[in-house]
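Notes for the structure review
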Amino acid sequence: MRENVKATVKNILTGYLELNQHRKTPERFTILDAVYSFSGHFSLEELSDKLSIEYNFPVSRATLYNTLRLFVELRLVVRHRFQSTTKYEACYDNNSHCHQICTMCGKVTEVKSPQVNEAIESMPTRRFRKDGFTLYVYGICSSCQAKLRRRAETKNKKNIQKPNKK
Ligand SMILES: [Zn+2]
Ligand SMILES: [Zn+2]
């Protein structure tokens, strides 16, 4: 499945480079292949590691950054700002989904919602062709909720014990 997607996105990149008379450098194609080998979000560091370890193809930070910027322009990659970190994501075959973000630990999970898809689908736009969407839902994940509960419980116990000590 993903191999088909890889072939399609490579064609998009080739088309763009030819149209704009840019050189078809192996870097761009190797980076694109690596990007489409991730199954979720990834950071610049993770991409850099993948390229040098799995592809044996180390690429400078500047080249990586510029190439990702091009991919974002071509709508092959989407850039996320999650709290303090920047993450990227291959989006050609995955351009409509929701993210739930824990505001305590920063954990990001993806959720698919047919209801939201339908709502966006039927949402009127002004002089605009919809290509996809990214939705962020903020809240508290279950493990942070458990942590909060435990903290509240120990606080309560202390409060109960205090009057006895006096
Ligand atoms: Zn959390
Ligand atoms: Zn995502």
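Heads up: the structure comes first, above all this text.
Counting restarts for each chain, with residues numbered from 1 along the sequence as it is written. Working convention: letters from A go to chains and numbers from 1 go to ligands, in the order in which they are written. Where totals are concerned, whole chains, interfaces and linings use all residues; where local detail is concerned, this predicted model gives features only for residues with pLDDT of at least 70, and gives and counts side-chain atom pairs only at 80 or more. Side-chain calculation: all heavy atoms of the structure are included, whereas hydrogens and water are not.

Side note on the coordination of the zinc ion (ligand 2)
Coordinating N, O and S atoms are those within 2.8 Å of the metal (3.2 Å for Na, K and Ca), and as water is not part of the atoms, a site may appear to have fewer donors than expected. Of the protein atoms, only His41 (NE2), Glu89 (OE), Glu89 (OE), His97 (NE2), His99 (NE2) and Glu110 (OE) coordinate the zinc ion (ligand 2), at distances of 2.0 to 2.3 Å. Geometry is assigned from the angles between donors: four donors with all angles from 85 to 135 degrees make a tetrahedral site, four or six donors whose opposite pairs exceed 155 degrees while the rest stay between 65 and 115 make square planar or octahedral sites respectively, and everything else is labelled irregular. Coordination at the zinc ion (ligand 2) is irregular: its six donor atoms span angles of 55 to 166 degrees at the metal. All donors of the zinc ion (ligand 2) belong to a single chain; written as a sequence motif, their spacing is H-x47-E-x7-H-x1-H-x10-E. Of this pair, His41 sits in the loop between α2 (26-35) and α3 (44-53) while Glu110 sits in strand β4 (residues 108-111), and the two are 69 residues apart along the sequence. Owing to a relative accessible area of 34%, Glu110 belongs among the partly exposed residues under this scheme. Numbering of helices and strands runs from the N terminus; a helix is a DSSP stretch of H or I covering at least four residues, while a strand is a stretch of E covering at least two. A simple rule labels every residue: compare its accessible area, found with a 1.4 Å probe on the protein chains alone, to the largest value its type can have, and call it buried under 20%, exposed over 50%, or partly exposed in between.

Description of the coordination of the zinc ion (ligand 1)
On the protein side, the zinc ion (ligand 1) has Cys102 (SG), Cys105 (SG), Cys141 (SG) and Cys144 (SG) as donor atoms, found 2.3 Å from it. One can describe the site at the zinc ion (ligand 1) as tetrahedral: its four donor atoms subtend angles covering 105 to 116 degrees at the metal. Here the donor residues of the zinc ion (ligand 1) share one chain and are spaced in sequence as C-x2-C-x35-C-x2-C. A residue pair is termed long-range when its members are at least 10 positions apart, and Cys105 in the loop between β3 (96-102) and β4 and Cys141 in the loop between β5 (133-139) and α6 (142-165) qualify at 36 residues. The class of Cys105 is partly exposed, set by a relative accessible area of 43%. A residue is classified by how much of its surface remains accessible, and Cys141, at 15% relative accessible area, is buried.

Digging into the pattern of salt bridges
Just to be clear on terms, a salt bridge is a Lys or Arg side-chain nitrogen sitting within 4 Å of an Asp or Glu carboxyl oxygen. On inspection of all chains with the given rule, the structure shows six salt bridges. The shortest N-O distance in the salt bridge between Glu45 and Arg61 comes to 3.5 Å. On the criterion of sequence distance, the pair formed by Glu45 in helix α3 and Arg61 in helix α4 (residues 61-73) is long-range, its members being 16 residues apart. Judged by its relative accessible area of 45%, Arg61 falls in the partly exposed class. We note a salt bridge from Lys50 to Glu54, for which the minimum N-O separation is 3.4 Å. Its relative accessible area of 12% is what places Lys50 among the buried residues. Classification of Glu54 as exposed rests on a relative accessible area of 58%. Within the structure, one salt-bridge network assembled from shared partners comprises Glu3, Lys6, Lys10 and Asp33.

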